[in-house]
Amino acid sequence: MAKKLAVLGSTGSIGTQTLDVVAGDPDSYEITGLAAGRNIRLLLEQARRFRPKLVSVATRELAEEIRPGLPPGTKAVYGEEGLIEAAAGSGADYAVCALVGSLGLKSTLAAIDAGLSIGLANKESLVAAGHIVTKRARDKGVTIYPIDSEHSAIFQCLNGEDGRAVKRLVITASGGSFRDRTRDELADVTVADALKHPNWSMGAKITIDSATMVNKGLEVIEAHWLFDLPYDRIDVLLHPESIVHSMVEFTDTSVIAQLGNPDMRVPIQYALTYPARKPSPASPLDLAKAGTLHFREMDFERYPCLRLAYEAGRAGGTAPAVFNAANEAAVARFLKGEIPFLAIETIIERMLREHRTIGDPDLETILSVDERTRAEAAVLR
Ligand code: MG
């Protein structure tokens, strides 16, 4: 039977690659809902090709603009309500949650509440509200399949293993676009420099997050929630080639790693076909050709944002939401050319220092802390 999919964030990097996977195996999937923001040209193309029941866009104006071009039987909705309708009301049994940023949280929760299986690429939902998302999924009997390449790797390494035998997780990090520069050389890097990631093809925000190592910090917090392990058993290892996507060390000292060429379509497809494996358009790994793989210890002085992420994760409560919101606001300002690259980390650090962590926050508290942090970080000098 075809899997009925809602793709939230369909015009972004993960969304388009998800639809690539679907197009490669059309009998296995039916697209019921697509949610995008403002890229209605691409959304329209996707709607004509996949004929979903629902498409959701950012605003009422955009919904009116897109309506005349939609195929018969496709309805346009908009705003936060539209997004939630696309997640939970399109008749999907599986939601790919690939919105960027904390925008994804409410729609991820709506999909869980509706009992859909979740393919999670929106790491910010777990970072800001991991305790709520994971509890809600447990209560509803909903499975969260990781789409992030590192978490997909760990998920694959844990297949059939006893969780009690896990000693630690090792998340690999490429080091991002500036890995060969010193801190001094980072002072005046440009947006264009930052957007050149050496290995992965990704959206703008995550490419900047890779350069600051915020992305790895978000992934550490994400792993904490997905795999239910304390932070002192989650390590990060620099691995410039991005061939080993992550590893698990077991109590008997065995280490299981998952390898492959960097191609997001592999973890996306595995999240959709689990436990089955299917042929993929990704190029096969040729280790003889790769020759040498490098690993080195993570440098927390070179990448202070990773240290801040561990601190926020260990503090728990609202601290990770502050870490995430401060970063989102700072990255948006860097992308607009308002602040230099290194100001991203000083803004995150200051917002965390000034925040009084609230333990076990409810969703409303998280959302208001998120909003306040964003507003403050947007004007911080
Ligand atoms: Mg990743």
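The shown structure was predicted, so the numbers you read here are calculated from the model rather than taken from an experiment.

## Observations regarding the coordination of the magnesium ion
No. 1: All of the protein donors around the magnesium ion are Asp148 (OD), Glu150 (OE) and Glu219 (OE); their distances to the metal are 2.1 to 2.2 Å.
No. 2: Coordination of the magnesium ion draws on donor residues from a single chain, spaced D-x1-E-x68-E in sequence. Of this pair, Glu150 sits in helix H7 (residues 149-157) while Glu219 sits in helix H10 (residues 214-227), placing them 69 residues apart in sequence.
No. 3: Owing to a relative accessible area of 1%, Glu219 belongs among the buried residues under this scheme.

## Considering the packing of helix H6 (residues 123-140) against H10
No. 1: Here H6 crosses H10 at 20 degrees, and the two axes come no closer than 8 Å. When the axis of H6 is compared with that of H10, the two are roughly parallel. Handedness of the H6/H10 crossing: left-handed. Taking contact as the criterion, the partners of Lys123, Glu124, Leu126, Val127, Gly130, His131 and Thr134 in H6 are, on H10, Asn215, Leu218, Glu219, Ile221, Glu222, Trp225 and Leu226.
No. 2: For the contact of H6 with H10, a count of residues per class yields 6 nonpolar, 4 polar and 4 charged.

## As for the environment of Pro320
No. 1: Mapped onto the secondary structure, Pro320 falls in helix H14 (residues 319-335).
No. 2: As for Pro320 and Leu352, which are separated by 32 residues in sequence, their C-alpha atoms are 8.9 Å apart.
No. 3: Ignoring anything within four residues of it in the chain, the contact list for Pro320 reads Val127, Ile221, Ala312 and Gly313.

## Points about unusual backbone geometry
A negative phi angle characterises most non-glycine residues, just as the trans form characterises most peptide bonds.
No. 1: Following Tyr274, the chain continues into Pro275 via a peptide bond in cis, with omega recorded as 5 degrees.
No. 2: Residue placement: Pro275 occurs in the loop between helix H11 (265-273) and helix H12 (287-290).
No. 3: Even without a glycine there, the phi angle at Met213 is positive, about 75 degrees.
No. 4: When its relative accessible area of 2% is taken as the criterion, Met213 is described as buried.
No. 5: In this model, Asp360 sits at a positive phi of 40 degrees, which is unusual for a non-glycine residue.
No. 6: Relative to the helices and strands, Asp360 resides in the loop between helix H15 (343-354) and helix H16 (363-377).

## A few points about the domain arrangement of the protein
No. 1: What the domain assignment lists for the protein is domain 1 (3-146) and domain 2 (161-262 + 284-377).
No. 2: Computed from C-alpha coordinates alone, the two centres of domain 1 and domain 2 are separated by 25 Å.
No. 3: With 20 residues of domain 1 in contact, the opposing surface of domain 2 contributes 24 residues.
No. 4: Between domain 1 and domain 2, roughly 1,800 Å² of surface is buried when both sides are summed, and carbon and sulfur atoms account for 69% of that area.
No. 5: Taken as a group, Lys123, Val127 and His131 account for 34% of the area that domain 1 buries against domain 2, more than any other trio of residues on that side.

## Focus: the sheet that holds strand E10 (residues 244-250)
No. 1: In space, the 5 strands of this open sheet follow the order E11-E10-E8-E9-E12, with mixed pairing throughout. The open sheet terminates on both sides in strands that have one partner only, identified here as strand E11 (255-259) and strand E12 (296-297).
No. 2: Strands in contact with H7 are strand E8 (166-173), E10 and E11; relative to E10, the strand with the most contacts, it is inclined by about 40 degrees.

## Focus on H14
No. 1: The terminal C-alpha atoms of H14 lie 24 Å apart, and with 17 residues this matches the ideal 24 Å at 1.5 Å per residue to within 8%.
No. 2: Summarising burial for H14: 15 of the 17 residues are buried, a large majority.
No. 3: Just downstream of H14, Gly337 is the residue with a positive phi angle, here 80 degrees.

## Some thoughts on the environment of Ala35
No. 1: If you trace the backbone, Ala35 turns up in strand E2 (residues 29-35).
No. 2: Accessibility expressed as a relative area gives 0% for Ala35, which makes it buried.
No. 3: As for Ala35 and Ala110, which are separated by 75 residues in sequence, their C-alpha atoms are 14 Å apart.
No. 4: Each residue touching Ala35, except ones within four places of it in the same chain, is listed here: Val7, Leu8, Gly9, Ser10, Ser56, Leu83 and Ala86.

## A closer look at the sheet that holds strand E5 (residues 94-97)
No. 1: The 7 strands lie next to each other as E4-E3-E2-E1-E5-E6-E7, forming an open sheet whose pairing is parallel. The sheet terminates laterally at strand E4 (75-78) and strand E7 (144-146), the two strands that pair on one side only. Strand-to-strand twist in this sheet, taken as the mean axis angle between neighbours without regard to direction, amounts to 25 degrees.
No. 2: Inspection of the sheet shows E5 paired to strand E6 (residues 117-120) by 4 bridges, in the parallel sense. Residue Ala95 lies in a different strand from E6, and its bridge partner there is Ile118.

## Some points on the pairing of strand E1 (residues 3-8)
No. 1: Examined bridge by bridge, E1 and E2 share 6 bridges and lie parallel to one another. Residue Ala6 lies in a different strand from E2, and its bridge partner there is Gly33.
No. 2: After leaving E1, the chain enters helix H1 (residues 13-23) and then returns to the sheet as E2, a path that is right-handed.

## Points about the pattern of salt bridges
No. 1: For the structure shown, the criterion picks out 28 salt bridges.
No. 2: One salt bridge in this structure joins Glu345 and Arg183, with 2.3 Å as the shortest N-O distance. Of this pair, Glu345 sits in helix H15 while Arg183 is found in the loop between E8 and helix H8 (191-194), placing the two residues 162 residues apart along the sequence.
No. 3: We classify Glu345 as buried; its relative accessible area is 14%.
No. 4: What emerges from the salt-bridge pattern is a single network uniting Lys123, Asp148, Glu150, Lys216 and Glu219.

The rules we used
- Residues numbered from 1 in each chain as written.
- Predicted model: local features only at pLDDT ≥ 70, side-chain atom pairs only at ≥ 80, totals over all residues.
- Heavy atoms only, no water.
- Donors = N, O, S within 2.8 Å, 3.2 Å for Na, K, Ca; no water.
- Helix = DSSP H or I, 4+ residues; strand = E, 2+ residues; numbered from the N terminus.
- Buried < 20%, exposed > 50% of the residue type's maximum accessible area, 1.4 Å probe, protein only.
- Axes fitted to C-alpha atoms, helices over the stretch in contact; angles between N-to-C directions.
- Parallel < 35°, antiparallel > 145°, perpendicular 65-115°, else oblique.
- Left-handed = near helix turned anticlockwise from the far one by under 90°.
- Contact = heavy atoms within 4.5 Å.
- Nonpolar A, V, L, I, M, F, W, Y, C, P; charged D, E, K, R; others polar.
- Domains from an automatic or database assignment.
- Buried area = accessible area lost by both parts, 1.4 Å probe.
- Pairing = 2+ DSSP bridges.
- Expected span 1.5 Å × (residues − 1).
- Right-handed = clockwise from strand over helix to strand, strands pointing away.
- Salt bridge = Lys/Arg side-chain N within 4 Å of Asp/Glu carboxyl O.

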